[in-house]
Amino acid sequence: MSFINYSSREINCKIVYYGPGLCGKTTNLQYIYNKTNPETKGKLISLSTETDRTLFFDFLPLSLGEIRGFKTRFHLYTVPGQVFYDASRKLILKGVDGVVFVADSQVERMEANMESYENLKTNLAEQGYDLAKVPSVVQYNKRDLPNAVAVEELRGVLNTRGVPEYQAVAPTGVGVFDTLKAVAKLVLTELKKGG
Amino acid sequence: MGTQLVMYDEEYNRINAVCDRLTKDANAKVVFLVDKNGQLISASGQTQNIDTTSLASLTAGNVAAMGGLAKLIGENEFPNQIHEGARESLYMTIVGSRVVLVVIFESSTSLGLVRLRVKKASDELAKIFEALLKKTESPGGMASPFAEISDDDIDNLFSE
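I will try to describe carefully the structure that is included in this document.

About the thresholds
Residues numbered from 1 in each chain as written. Chains lettered and ligands numbered in written order. Predicted model: local features only at pLDDT ≥ 70, side-chain atom pairs only at ≥ 80, totals over all residues. Heavy atoms only, no water. Core = buried A, V, L, I, M, F, W, Y, C linked by side-chain atoms within 4.5 Å. Buried < 20%, exposed > 50% of the residue type's maximum accessible area, 1.4 Å probe, protein only. Helix = DSSP H or I, 4+ residues; strand = E, 2+ residues; numbered from the N terminus. Contact = heavy atoms within 4.5 Å. Patch = residues over 30% accessible without salt bridge, like charges linked within 9 Å, V, L, I, M, F, W, Y side chains within 5 Å. Areas by Shrake-Rupley, 256 points an atom, 1.4 Å probe, with all protein chains shown as cover. Salt bridge = Lys/Arg side-chain N within 4 Å of Asp/Glu carboxyl O. Pairing = 2+ DSSP bridges. Axes fitted to C-alpha atoms, helices over the stretch in contact; angles between N-to-C directions. Buried area = accessible area lost by both parts, 1.4 Å probe. Polar contact = N/O pair within 3.5 Å; in protein donor to acceptor, adjacent residues only side chain to side chain. Parallel < 35°, antiparallel > 145°, perpendicular 65-115°, else oblique. Left-handed = near helix turned anticlockwise from the far one by under 90°. Nonpolar A, V, L, I, M, F, W, Y, C, P; charged D, E, K, R; others polar. Phe/Tyr/Trp six-rings, centres within 6.5 Å; stacked < 30°, edge-to-face > 60°. Lys NZ or Arg CZ within 6 Å of the ring centre and 35° of its normal.

Let's talk about the nonpolar core
Working step 1: Counting residues in hydrophobic clusters, the biggest one holds 61 residues, and the most contacted among them are Tyr17(A), Leu76(A), Leu33(B), Leu101(B), Val103(B) and Phe129(B).
Working step 2: Sorting elements by how many residues they give to this core places helix α5 (residues 176-192) of chain A first, with 8 residues.
Working step 3: For Tyr17(A), the contacting residues outside a window of four places in its chain are Lys25(A), Asn28(A), Leu29(A), Ile32(A), Leu76(A), Tyr77(A), Thr78(A), Val79(A), Val100(A), Val102(A) and Leu180(A).

Given below as structure tokens:
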């Protein structure tokens, strides 16, 4: 749920990166963090386990610049991907303005992708959202791996709605900013509609 | 889905005034007001060395997690939380089920005083937010500043 402050002329939006465990959600945020100017970003916060698995969430605030005199800020969050952290995942979806679904392209992760995608729909519905109406994009990550499934196949199960989709290799940044820009644009377009 | 939080000059000034007063009255180091979704609304006191954006996000995460725990044991939520550190402590209270008032205070300040002042401030804040919500929902409310932006405006943000 965006927050518009007429007094300080700011607008804040929340974007959540969702997807199965180890699909690269945190890597997306780390790449964005490493490649943005210090003045446009805040601290990257990672609440993770000792083995660097996300425990609760990662958080990165980003300023995009001004639109009509309003400072536009995006708060990027990731959810913990592992199945048993479902209670935490639900909490992070609260007040979401846009969703990035990060899929793991490896053939052996197809089932995990599908499970996570269904879980996203269920958890959004619990908060009163309909995935079809929430601004969202799909990222097919790990395209560089030899066991990556064809994009058509991934699309067939994870993007039947035809939302913007991007192929990515998150550690090297391929597709990372394209994904972010696409979702940010969708969120702003939704705000324009008065969402 | 809840209503979008919109802040106007009048309410913003009133909220900041309540937070400023609470900082003094409770002898607090810092007072924050945070939306339950993690957006910082107001910060008062010695905020210079604190990453306020991160604080807001983590506060919301903490309140959300505690709310989840509360529901597991059959409570609606835990409206007040205290976290005691060696030198500084943190008191959180949920205001009007929508925002969280956070007070950071040093060990030289008594928790009793903080609780007392927070109670008064949170009643005042609850009223302001109620009025704010009414204003936002009223049909004559201010149009979204984004209603008039063009696709070009959005594209320009990403031009560099």
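From this point on, the discussion continues.
Topic: a nonpolar patch on the surface
Working step 1: Taken together, the side chains of Leu69(B), Leu72(B) and Ile73(B) make up a nonpolar region of the molecular surface, amounting to roughly 360 Å² of accessible area.
Working step 2: Residue placement: Ile73(B) occurs in the loop between α2 (52-72) and β4 (80-84).

Let's talk about the sheet that holds β4(B)
Residues and elements named next belong to chain B.
Working step 1: Spatially, β3-β2-β6-β5-β4 is the arrangement adopted by the 5 strands of the open sheet, whose pairing is antiparallel. Each edge of the sheet is formed by a strand with only one pairing partner; in this case those strands are β3 (40-45) and β4. Within this sheet the neighbouring strands show an average axis-to-axis angle of 15 degrees, counted without direction.
Working step 2: Looking at chain direction, strand β2 (residues 30-35) and β3 are connected through 5 bridges and run antiparallel. Residue pairing for β3: valine 34 is matched across the bridge by leucine 40.
Working step 3: Sitting on the sheet, helix α1 (residues 9-25) is in contact with β2, β3 and β6 (99-106), with an inclination near 35 degrees to β3.

A look at the interface of chain B and chain A
Working step 1: With 38 residues of chain B at the contact, the number on the chain A side is 42 residues.
Working step 2: A buried area of about 3,700 Å², summed over both sides, lies between chain B and chain A, and 63% of it is on carbon and sulfur atoms.
Working step 3: The interface formed by chain B and chain A includes 1 salt bridge.
Working step 4: Here Arg68(A) ties to Asp153(B) by a salt bridge, and the two come within 3.0 Å at their closest N and O atoms.
Working step 5: Connecting chain B to chain A are 7 residue pairs in polar contact (both at pLDDT 80 or more).

Here's the deal with the packing of helix α3 (residues 110-126) of chain A against helix α4 (residues 151-158) of chain A
Residues and elements named next belong to chain A.
Working step 1: At a minimum axis separation of 10 Å, α3 and α4 run at an interaxial angle of 30 degrees. As summarised for this structure, α3 and α4 are arranged roughly parallel, according to the angle between their axes. The two elements α3 and α4 cross, and the hand of that crossing is right-handed. Contacts from Met110, Asn113, Met114 and Tyr117 in α3 reach Glu153, Leu154, Val157 and Leu158 in α4.
Working step 2: Along the lines of polarity and charge, the residues of the contact of α3 with α4 split into 6 nonpolar, 1 polar and 1 charged.

Regarding the packing of helix α1 (residues 25-35) of chain A against α5(A)
Residues and elements named next belong to chain A.
Working step 1: Between α1 and α5, the least distance of the axes is 10 Å, while the angle of their chain directions is 95 degrees. Here α1 lies roughly perpendicular to α5, going by the angle between them. Contacts from Asn28, Tyr31, Ile32 and Lys35 in α1 reach Val176, Phe177 and Leu180 in α5.
Working step 2: When the residues that make up the contact of α1 with α5 are grouped by side-chain class, the tally is 5 nonpolar, 1 polar and 1 charged.

Looking at the environment of Phe158(B)
Working step 1: With respect to the helices and strands, Phe158(B) occurs in the segment after α4 (151-157).
Working step 2: Placed 82 residues apart in sequence, Phe158(B) and Asn76(B) show a C-alpha to C-alpha distance of 43 Å.
Working step 3: For Phe158(B), the residues in contact, after removing those within four places along its chain, are Leu64(A), Lys181(A), Ala184(A) and Lys185(A).

What to know about the side chain of Asn113(A)
Working step 1: Position of Asn113(A) among the secondary structure elements: in helix α3.
Working step 2: Discounting residues that sit within four places of it in the chain, Asn113(A) has contacts with Pro20(A), Phe101(A), Ala103(A), Asp104(A), Leu154(A) and Leu158(A).

Details of unusual backbone geometry
Working step 1: A positive phi angle is found at Asp52(A), which is not glycine, with a value near 65 degrees.
Working step 2: If you trace the backbone, Asp52(A) turns up in the loop between β3 (45-48) and β4 (54-67).
Working step 3: Here Asp52(A) falls in the exposed class, since its relative accessible area comes to 65%.
Working step 4: A positive phi angle, close to 55 degrees, is found at Asn27(B), a residue other than glycine.
Working step 5: Along the chain, Asn27(B) turns up in the loop between α1 and β2.

As for the packing of aromatic side chains
All names here are of chain A.
Working step 1: The full count for this structure, using the stated rule, is 8 aromatic pairs over all chains.
Working step 2: Measuring from centroid to centroid gives 5.3 Å for phenylalanine 101 and tyrosine 117, while their planes differ by 80 degrees, and the two rings are edge-to-face. In this pair, phenylalanine 101 is assigned in strand β6 (residues 98-104) and tyrosine 117 in helix α3, connecting sequence segments 16 residues apart.
Working step 3: A relative accessible area of 2% places phenylalanine 101 in the buried class.
Working step 4: Three or more aromatic residues link up through ring pairs in this structure, and these residues are Phe56, Phe57, Phe59 and Tyr77.
Working step 5: Between the NZ or CZ atom of lysine 14 and the centre of the ring of tyrosine 77, over which it lies, the distance is 4.7 Å.
Working step 6: Taking the ring centre of tyrosine 33 as reference, the NZ or CZ of lysine 41 above it sits at 4.1 Å.

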